[in-house]
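# Fold and geometry: a report
Read off the chains here:
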Amino acid sequence: MITIIAVGRLKAGPLRDLCDEFRRRLPLPLDLREVEERRPVAGDERKQREGELLLKELPKGALAVALDERGKGYDSAGFAKQFAAWRERSGDNLAFVIGGADGLAPAVLEKAAARLALGTMTWPHMLARAMLLEQIYRAHTILTGHPYHRA
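Thresholds applied
- Residues numbered from 1 in each chain as written.
- Predicted model: local features only at pLDDT ≥ 70, side-chain atom pairs only at ≥ 80, totals over all residues.
- Heavy atoms only, no water.
- Phe/Tyr/Trp six-rings, centres within 6.5 Å; stacked < 30°, edge-to-face > 60°.
- Buried < 20%, exposed > 50% of the residue type's maximum accessible area, 1.4 Å probe, protein only.
- Pairing = 2+ DSSP bridges.
- Helix = DSSP H or I, 4+ residues; strand = E, 2+ residues; numbered from the N terminus.
- Axes fitted to C-alpha atoms, helices over the stretch in contact; angles between N-to-C directions.
- Contact = heavy atoms within 4.5 Å.
- Salt bridge = Lys/Arg side-chain N within 4 Å of Asp/Glu carboxyl O.

## Focus on the packing of aromatic side chains
Within this structure, the stated rule accounts for seven aromatic pairs. Taking the centre distance of 6.2 Å and the plane angle of 70° together, the rings of Phe79 and Trp86 count as edge-to-face. Here Phe79 and Trp86 have matching classes, each one buried. Among the aromatic residues, those joined into a ring-pair cluster are Tyr74, Phe79, Phe83, Trp86 and Phe96.

## A closer look at the sheet that holds strand β1 (residues 2–7)
Two modes of strand pairing occur in sheets, parallel and antiparallel, and in both the strands are linked by backbone hydrogen bonds. Across the sheet, which stays open at both edges, the five strands sit in the order β2-β1-β4-β3-β5 with parallel pairing between neighbours. Strands with a single pairing partner mark the edges of an open sheet, and in this sheet they are β2 (30–35) and β5 (114–116). On average, adjacent strands in this sheet sit at an angle of 30° to one another, irrespective of strand direction. Two elements, β1 and strand β4 (residues 94–98), share five bridges in a ladder whose sense is parallel. Looking across to β4, one finds that Ile4 is bridged to Phe96. Contacts from helix α3 (residues 76–90) reach β1, β3 (63–72), β4 and β5 within the one sheet, and its direction differs from that of β4 by about 120°. Most of the contacts of helix α5 (residues 125–144) go to β1, to which it runs at about 165°, and overall it touches β1, β2, β3, β4 and β5.

## Considering the environment of Arg16
When you line up the elements, Arg16 lands in helix α1 (residues 14–25). Excluding residues within four positions of it along the chain, Arg16 makes contact with Leu10 and Lys11.

## Section: the pattern of salt bridges
Per the stated rule, a full pass over the model turns up 15 salt bridges. A salt bridge links Arg49 to Glu37; its shortest N-O distance comes to 2.7 Å. Here Glu37 lies in the loop between β2 and α2 (43–57) and Arg49 lies in helix α2, a separation of 12 residues in the sequence. By sharing partners, the salt bridges in this structure join Asp68, Glu69, Arg70 and Arg115 into a single network.

Below is the structure:
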């Protein structure tokens, strides 16, 4: 099972449609869990509370990969290879964790077995979800020889 745990709830619209499209295309079991801190807290306190919510949703025994701007970046073929290695290492219990606008709490980063960057630019955390889903789908197509990826 691949699990994506993300801060914030996607509302109806183009980003949600895009996420739904890649989830529909992906023949692998995927669970998308959304968490949201509703209390009026800001800064480090908000990040810490979001971290607690994210960790609570992390499946037991999952290999966690944190999306982090300081993480390792890959080209698509390299990500596909790493994705396969993570799946094998995790026994198919792989979780990607996406923080909120302020990033991930230190506790989440410490729990993560790896950190993944989606490039050197800063992306809105809601867009990062769609980008990750597309890259997971692309990795699957690379690994299965599907023509979606044209290198």
